[in-house]
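# Architecture and fold: a report
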Amino acid sequence: MKNLLIVLSAVTAVTALGAAAAIKPKIFAPVEAVTVPPAVTISIEELYRQVDMSTLPVLEIKDLY
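Everything in this summary refers to the structure shown in the same document. (Residues numbered from 1 in each chain as written. Predicted model: local features only at pLDDT ≥ 70, side-chain atom pairs only at ≥ 80, totals over all residues. Heavy atoms only, no water.)

### Structural notes on the overall build of the protein chain
Counting its secondary structure elements, the protein chain contains two helices and zero strands. Evaluated residue by residue, the protein chain yields a buried proportion of 0% over its 65 residues. Carbon together with sulfur atoms contributes 68% to the accessible area of the protein chain, which is approximately 7200 Å² in total. (Helix = DSSP H or I, 4+ residues; strand = E, 2+ residues; numbered from the N terminus. Buried < 20%, exposed > 50% of the residue type's maximum accessible area, 1.4 Å probe, protein only. Areas by Shrake-Rupley, 256 points an atom, 1.4 Å probe, with all protein chains shown as cover.)

### Describing a nonpolar patch on the surface
A surface patch of nonpolar side chains, amounting to about 390 Å² of accessible area, comprises Met 1, Leu 4 and Leu 8. Examined against the element boundaries, Met 1 turns out to sit in the segment before helix 1 (2-22). (Patch = residues over 30% accessible without salt bridge, like charges linked within 9 Å, V, L, I, M, F, W, Y side chains within 5 Å. Salt bridge = Lys/Arg side-chain N within 4 Å of Asp/Glu carboxyl O.)

That is the geometry; function is a separate question.
Written as structure tokens, this is what we have:
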């Protein structure tokens, strides 16, 4: 009886290992080469066009009811 239990455990373990080896999970897909984006440049004129949030007017609503 003990030998039968050992044999069944071994067969189950081998079957599980074989099934795990046969499955190809997508989370381990081969890594593709990543291209480096071109360097981003910004001109002084574009910097001047950006809005400084601290200079915008603030509108407060006190009582709605």
